[in-house]
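# Residue-level structural notes
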Amino acid sequence: MQLIRCPWCGPREEVEFHYGGQAHVAYPDDPAALTDEQWARYVFFRDNPKGAFAERWSHSAGCRRWFNAVRDTRTYRFLAVYKPGEARPEVAS
Amino acid sequence: MRVDGYGRIDRSRTLGFTFDGRSYTGHPGDTLASALLANGVHRIGSSVTLGRPRGISAAWSEDATGLVQVEEPFPEPMLLATTVELVDGLVARGLGGQGRLAEVADTARYDRMHHHVDTLVVGAGPAGLLAARAAARRGERVALLDDRPEPGGSLTGTERIDGRPSREFVADVVAELATHPEVAHLQRTTAFGRYDDGFVLALQHRTDHLGADAPRTLSRQRVHRIRAGRTVIATGAHERPIVFADNDRPGILLAASARDLLHRYGVLAGREVVVFTGDDAAYAAAVDLADAGAAVTVVEARPQAPAHWAGAAADRGIPVLTGSLVAGTEGAPGDGRVSAAVVTGADGARTVLGCDLLAVSGGWNPTAHLFSHVRGTLAYDPALGAFRPGEDLDGVAVVGAANGTLDLAGCLREGASGERPPSADGEPERTPGAIVWRVEGPHDRQFVDVQRDATVADIARAVGAGMRSAEHVKRYTTIGTAHDQGKTSGVLASAITAELLGVPIEDLGTTTFRPPYTPVAFAALAGRERGQLFDPVRTTALHAWHVGAGAVFEDVGQWKRPRYYPRPGEDMEAAVLRECAAVRDGVGILDGSTLGKIDVQGRDAAVLLDRVYTNMMSNLAVGRVRYGVMCGPDGMVIDDGTVLRLAEDRFTVITTTGGAAKILDWLEEWVQTEWPDLRVHLASVTEQWAVFPVVGPRSRHVISRLFADLDVSNDAFGFMCWRDTELDGVPVRVARISFSGELAYEVNVNAWYAPAVWERLLAAGEKHGITPYGTETMHVLRAEKGYPIIGQDTDGTVTPHDLGMAWAVSKKKSDFIGKRSFSRAENTDPLRKQLVGLLPTDARTKIPEGSQVVEFCPDGALPAPPVPMLGHVTSSYRSAALGRPFALALVKGGRQRVGDVVHVPVGDALVPAEITSSVLVDPEGNRRDG
Ligand SMILES: [Zn+2]
C-alpha cells in the first residue's frame, strides 16, 4: 500500500484517497455551442497513457480536499502532487 | 529418538499429546514434529495425488511434507508439524494433502497493531540481531521480527562468537535491545509480505504455545502493520534438496534440518545416516550426528572432500564416498521410511547403503521473498546455484544468508552495518560447492514439488507442451503453488526446466515470489472486523422504539430501517396491505430520518444548486420547498429529492438515503475542482435531524392538535411549504412534502428530541388510528403514484425524460450538469425505455422485479429466438388501493404504448400485462391537500 502525499496533510495511506480520473479536463465554457461529438469527447473520452498521467485525487477520508497528481501508470508511483489551479509540473517518469 | 545432552527443551516437564489416535509424550520447547520424531514416528501423512507416504523433510516452515490437522486445543487445518509448538493435550492427525475446516465457530480473538519505525529488521539470526543493535545504538526506532519461538536463527549453539558460545552472544544482544525503549522485538512473528513504501505485514502467534493456559483476554494472532523507513532483510536461506528417484520418503531430511533437530530439540532423526551433499555445511551435520551416536556415511558429489571436513570425518570414522551420487532410495514396509540409499560411485558402480535417515544438502537458496514481493529482481549466482537479490532497492538492505553470504563471519560483518563485527572463532573456510540439482534417473519418480506430487516428468510434459518460461511451467505443473509456495522446490523447478529446454538457468530465470510467505488465516486478516464489527450499523434515534414495536428491519446501506410492523399472525403481505390502507384512509407515520440532508450555505448557494439540479432553484422563495433531480454530465439521473430554502443564502438539500454521502461528495467535487470561485459551504446534517412524515387524509388533525401555534389550513400552509414551530420549547420544522400523493406533513426535529416528539405524535394521532409504517409500505405508496426510486427504477441509463419528468427539467437555465446531453441524438430517440405502469391482466399475478418484458407477434406467437426484450420490471407490489398487484417497468417507447398488452415470463408462464400510465392512484392529484 502506497503512501500518497496530500498537498495539505502530507503522506497518508492510499486507502484514505479516492481516484478522480484524468486532470485538466475543464468543463466546457459553453456546452450548448458544442457539436454532439465535441460534447461526447468531454463526457466520455479520456487519455490512457502508458507512463506519466495527470490525475485528480481526493483525500476523501482525510481533509476531503481535491488535488492533482502526476502518476506513472506503469509503476503506480506518484511523481508529483499539486493543488487545483496549479499547472502540471514537469517531472521525469 | 531423544539423545541426552542435546537440545533446549525442558526435560523436567512432560507434555501429553495424541497423534492419529495414539498417545505420546514430549517436552516444553518441542514442536509436534520433533516430538513425533523423538517417539519414532516418521510417517506423518500421505501425498495428495499419489498417496505416497510422507514424513518430515525440514525443521521449520520450509518443510514441504509434514502437514497435519490440529483438532485440539484449537481446530485448524493444514498446519506444518514443524511449526506447531507442542502443548499439553494437543490432538492432531496426519493429512493426505488436504485439510478440513473446523465445523465449530472460531471464538478466538484476532487483532492488529500499527508500527512506524526507522528500521525494520526481519530475522533475528546473527546478521539481523547485529543490524537491529546497530540501528538501536544510532537511536532509531526499530522493529525486529523473527518467526521462530526464540532468536538466534540458524545458530546451533556449537559456534563460538567473540570467544564465547554463540547462544551467549545471542542473549547479550537481545538483552541490550531490551534496554532500548524504542525497539520492538517480536518472536513468533512472520513478516509475510512487503509492499510499497516500506510497508510490511507480519503475523504474530501470541497464544497457541501457551495451550490451555492461554489467557482469554489475549488475541490469538496479531497482524502487525509496519511502515518502515528502511527494511533490513536478514531472513537467512533455505537448504536446497537434490532431486533423485524416490526422494520423497519419510526419513529423507535436509541435512541442516537434521542438525537443527538435534541441537534444538535433542532429537536424533536416525541411527544409520547417509549424508548426501555437494556443500560444506552438511559436514557439520554429519559430524554432529556422529558425535550424538549415529553411524554416518557421507556421499560427496565433489571429487574431493574439503580438507578440514575430511579430517573431521576421519577423526570420527565417517566414511566419505567422493565423486558419488545418491540415485535412488529403498523404503521400509509399513511406514515407508527410507531403508537404503542407492549410491552411484565415482567409477559408476552401484552400492546400496542401508540407512534410516538420508540427510541431503544441495546448497542454499537465499530467502529473498520479501525482496521479490516489491519486484526486486533476483539474479542467478552460479556459485550458489540459486537466485539472490540482484539490484539495490531504495530503503532495503539484504544481509547475511538472504544475500547469499553463507559463512558466519560474513553474516556478522554484513549485519554489523559498519560497526566492528564480532569474530566467528574457529569457523572453517567454505570451499566451492558442487551444484547438483538432479541425479539422472526415472523422471516419474523424481519429485520436484513433493507437496504437489509433481515430478521431473511433469516438467518434461510442460516443456513438451511448449512452455518456455518459468512462470508458465509453474502454472502448468502447479509446482510452487502448494502450502509451502515452493520455498525449497522453486530453484529446482527452474534448473530442471532449463536443463530440459537446453538453456542456461540464468536465461530462464525464476518465478516471482508473492505474499504471503507462509499461510495466513483469513481470521487474522479480518482481525476485529467480524460479526457486528464487520460493517458499521447505523440506527436512527428511534431504533429502540422500532425494536419494541416488533418491527422487521431491512438493511438500506448501513442503516437498519423498519420494513413493516407485523401484528400477531400477519406476514409481510398482510402487514403492508394494512399499513397502506391505514395511510390512504386515515393517517400513518414513518421514520424517515435516514434521508440524506445537506446544509448548503453561502452567497452563491443558489448558483450552485441551479448548476447541479435540472430545475431552477434560485427562484424558490424562502419558506418554500421544491422537488429536484440531479444528473451526471451524461444526462442520466443520479439522485432526486427536495430542497428547502431557509434563507436567501441557505438551503437544506434532501437526498435519497443511499445517495447521502455520494451527493455530498459530488457537490464538493464540483465546488472544489470546477467552481472554486463560488462562495458556498456544504455540511452533512443527516444525523442531526430526525424526520417523521405524518401521512394521510387525517394527518392535518394530528399536526394541528400537537402544534397549536401552527396554522395548518391550506391557505396558510400550502403544499411544498415549510414552517417553523416549537413543542415545549423544542424547535420543530414542519414541511408539506408528500411521497405518497396524500396530504402529508414531514416533522423535522433535532435527533436528541426524536423519541419524545415521535411519542407525542403517536399520542396526538391515537384517536385517528395513527399507524406506524415501514419502508415497504412507503415503497408501495410511492409506486402507486409513479414516483421512482433512484437506483431501483433507474440504473444509470435513465434520463429525467425517460421517467416522465420533463417538467422537472428547466428550459430557462442556459446550462446545468447534464443539460447538453439531453439533446444528443441517443437521448431523443423515441424508442428509449420509459417508465410506465404494468397491470397483469389476470389482476392476480405479482410479477417478480427484474422480469423481462416481451411481446407476441401479431399471430399470437413469440418471435423466434433470440426474443427481443422490450424492457424490464423495476418495481412490483400488491396494492391495497387498487385491490390488485401492479408493477412499474422501463419499456421501449412505453409512453406511446399505453393500452398495449405485453408479456412477462414468470416461471414457465408468460403473463399478459397491460401498459398503463406510471401514475395509478389519484392521477388528478386530488388527495394532496386533504
Ligand atoms: Zn489531505
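Residues numbered from 1 in each chain as written. Chains lettered and ligands numbered in written order. Predicted model: local features only at pLDDT ≥ 70, side-chain atom pairs only at ≥ 80, totals over all residues. Heavy atoms only, no water.

Okay, the pattern of salt bridges next. Residue and element names in this part refer to chain B. Going through the model one piece at a time under the given rule, you end up with 69 salt bridges over all chains. Between Glu85 and Arg188 there is a salt bridge, with the nearest N and O atoms lying 2.6 Å from each other. Of this pair, Glu85 sits in the loop between β6 (76-80) and β7 (90-94) while Arg188 sits in the loop between β12 (183-186) and β13 (189-195), and the two are 103 residues apart along the sequence. Residue classification places Glu85 among the partly exposed residues on the basis of a relative accessible area of 21%. Taking the shortest distance from any N to any O, the salt bridge between Asp929 and Arg928 comes out at 3.5 Å. Judged by its relative accessible area of 34%, Arg928 is partly exposed. Among the ionic contacts, a cluster of salt bridges with common partners joins Arg52, Arg54, Asp246, Asp248, Arg249, Arg445 and Asp453. (Salt bridge = Lys/Arg side-chain N within 4 Å of Asp/Glu carboxyl O. Helix = DSSP H or I, 4+ residues; strand = E, 2+ residues; numbered from the N terminus. Buried < 20%, exposed > 50% of the residue type's maximum accessible area, 1.4 Å probe, protein only.)

Here we take up the sheet that holds strand β35 (residues 596-601) of chain B. All names here are of chain B. Strand order in this open sheet of 5 strands is β36-β37-β38-β35-β39, and the pairing throughout is antiparallel. Because the sheet does not close on itself, it has two edges, and the strands there are β36 (625-631) and β39 (681-684). Between one strand axis and the next, the sheet turns through 30° on average, direction left out of account. Here β35 runs beside strand β38 (residues 650-655); their pairing, made up of 6 bridges, is antiparallel. Within β38, the position partnered with Asp599 by the bridge is Thr652. Running at roughly 30° to β38, helix α16 (residues 605-612) makes contact with β35, β36, β37 (637-647), β38 and β39 of the sheet. (Pairing = 2+ DSSP bridges. Axes fitted to C-alpha atoms, helices over the stretch in contact; angles between N-to-C directions. Contact = heavy atoms within 4.5 Å.)

Turning our attention to the coordination of the zinc ion. Residue and element names in this part refer to chain A. Protein coordination of the zinc ion is provided by Cys6 (SG), Cys9 (SG), His59 (ND1) and Cys63 (SG), with donor distances spanning 2.0 to 2.3 Å. Relative to the metal, the 4 donor atoms surrounding the zinc ion lie at angles of 104 to 114°, and the coordination shape comes out tetrahedral. Expressed as a motif, the donor residue spacing for the zinc ion is C-x2-C-x49-H-x3-C. Residue Cys6 is located in strand β1 (residues 3-6), and its partner Cys63 is located in the loop between β4 (52-58) and β5 (66-72); the two are separated by 57 residues in the primary sequence. (Donors = N, O, S within 2.8 Å, 3.2 Å for Na, K, Ca; no water. Tetrahedral: all angles 85-135°; square planar, octahedral: opposite > 155°, others 65-115°.)

What follows concerns empty space enclosed by the protein. Residues and elements named next belong to chain B. Per the stated rule, a full pass over the model turns up 4 cavities of 30 Å³ or more. By volume, the largest cavity amounts to about 270 Å³. Taken together, 28 residues line the largest cavity, and the ones lying closest to its centre are Ser57, Pro241, Asn247, Ile252 and Val450. Mapped by element, the contributors of at least two residues to the lining of the largest cavity are β17 (252-254) and β30 (447-449). Grouping the constituent residues of the lining of the largest cavity by class yields 15 nonpolar, 7 polar and 6 charged. Empty space within the second largest cavity amounts to approximately 200 Å³. As for the second largest cavity, its lining consists of 21 residues, of which Lys474, Ile479, Gly480, Gly490 and Thr511 are closest to the centre. Among the elements of the structure, α10 (470-477) and α11 (490-501) are those that each provide at least two residues to the lining of the second largest cavity. Counting residues per element, the lining of the second largest cavity draws most heavily on α11, at 4 residues. (1 Å grid on protein atoms, 1.4 Å probe; cavity = no way out; pocket = protein on both sides within 12 Å on 5 of 7 lines; lining within 4 Å. Points joined across faces, edges and corners; volume = space filled by probe spheres on them. Nonpolar A, V, L, I, M, F, W, Y, C, P; charged D, E, K, R; others polar.)

Below, the discussion takes up the domain arrangement of chain B. Entries for chain B in the domain assignment read domain 1 (15-103 + 241-361), domain 2 (105-238 + 363-428), domain 3 (543-593 + 689-781), domain 4 (596-684) and domain 5 (829-930). Spacing between the C-alpha centres of domain 4 of chain B and domain 5 of chain B amounts to 34 Å. (Domains from an automatic or database assignment.)

Contacts between chain A and chain B engage 23 residues on the former and 24 residues on the latter. Between chain A and chain B, the buried area comes to about 2,100 Å², and carbon and sulfur atoms account for 45% of it. Considering only the side of chain A, the residues that lose the most area to chain B are Met1(A), Tyr27(A) and Arg64(A), jointly responsible for 30% of the buried surface there. Remark: the boundary between chain A and chain B carries 7 salt bridges. Among the ionic pairs, Arg820(B) bridges to Asp36(A), the shortest N-O distance being 2.8 Å. Partitioned by chemical class, the residues of the side of chain A that touches chain B number 15 nonpolar, 2 polar and 6 charged. (Buried area = accessible area lost by both parts, 1.4 Å probe.)

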